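Single-letter residue listing:
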Amino acid sequence: MKKILMLLAGVVTLLAVSMPIGAMEMKEGVVMGKVIKADGEFVTIKTAEGETKTFHMDKTTKITGELKAGAHVSIEDAKGHAMSVSVEKQMAEHTGAEPPIAP
Ligand SMILES: [Cu+2]
């Protein structure tokens, strides 16, 4: 029993120490996916994992590229608010087709 308690204390200490680092890493999460819908205030994407996520946008959101349905984007997520939305230039579709080779 004493052993378990000591183990628990160790885990708690470890968590307490690692927490600030974890919090810093959580500060900005980047979510990538394909745009399903983008209207004035919200953008909905489908991630590679198949999850559908909606982010809020306003005039503080920095949008790079042409944001439209079907575009691949990476979104800087701040608890559901998009801090930035960047449209990826290539990667239009992953068809498996090789890029044309110049002669
Ligand atoms: Cu917002």
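Residues numbered from 1 in each chain as written. Predicted model: local features only at pLDDT ≥ 70, side-chain atom pairs only at ≥ 80, totals over all residues.

Here we come to the overall build of the protein. Looking only at helices and strands, the protein has one helix and six strands in total. Each of the 103 residues in the protein was classed as buried or not, and the buried ones make up 12%. Put simply, of all contacts in the protein between residues at least 6 apart along the chain, 38% involve residues at least 24 apart. (Helix = DSSP H or I, 4+ residues; strand = E, 2+ residues; numbered from the N terminus. Buried ≥ 20, exposed ≤ 12 C-beta atoms within 10 Å, placed from the backbone. Contact = placed C-beta atoms within 7 Å.)

Let us now look at the nonpolar core. Membership of the largest hydrophobic core is limited to ten residues, which are Ala38, Val43, Ile45, Phe55, Met57, Ala71, Val73, Ile75, Ala82 and Val85. Mapped by element, the contributors of at least two residues to this core are strand S2 (42–47), strand S5 (72–78) and strand S6 (81–87). (Core = buried A, V, L, I, M, F, W, Y, C linked by C-beta atoms within 7 Å.)

Mapped onto the fold, Ala71 is located in the loop between strand S4 (62–64) and S5. Taking the C-alpha atoms as reference points, Ala71 and Ser86, separated by 15 residues in sequence, lie 9.7 Å from one another. Excluding its chain neighbours within four sequence positions, the residues that come into contact with Ala71 are Val35, Glu66 and Val87.

For the rest of this paragraph, the subject is unusual backbone geometry. The backbone phi angle of Lys79 is positive, close to 50°, even though this residue is not glycine. You can see Lys79 is positioned in the loop between S5 and S6.

A few words now on the confidence of the model for the protein. The predicted model of the protein averages 81 in pLDDT, with 65% of residues at 70 or higher. Per-residue pLDDT stays below 50 along residues 21–27; that stretch engages in zero contacts with residues further than four places along the chain or on separate chains. (pLDDT = per-residue confidence, 0-100.)

This paragraph deals with the pairing of strand S1 (residues 29–38). Where S1 and S5 come together, six bridges link them in antiparallel fashion. Opposite Gly33, over in S5, you have Val73 as the bridge partner. Strand direction decides the pairing type here: S1 and S2, joined by five bridges, are antiparallel. By the bridge assignment, Lys34 is partnered in S2 with Lys46. The loop that links S1 with its antiparallel partner S2 comprises three residues. (Pairing = 2+ DSSP bridges.)

Along the chain, Gly29 falls in strand S1. Sequence separation of Gly29 and Ile75 is 46 residues, and the distance between their C-alpha atoms is 8.1 Å.

Looking now at the pairing of S5. Where S5 lies against S6, six bridges are found, and the strand directions are antiparallel. Along S6, the bridge assignment pairs Ile75 with Val85. The loop that links S5 with its antiparallel partner S6 comprises two residues; one of these, Lys79, has a positive phi angle of about 50°.

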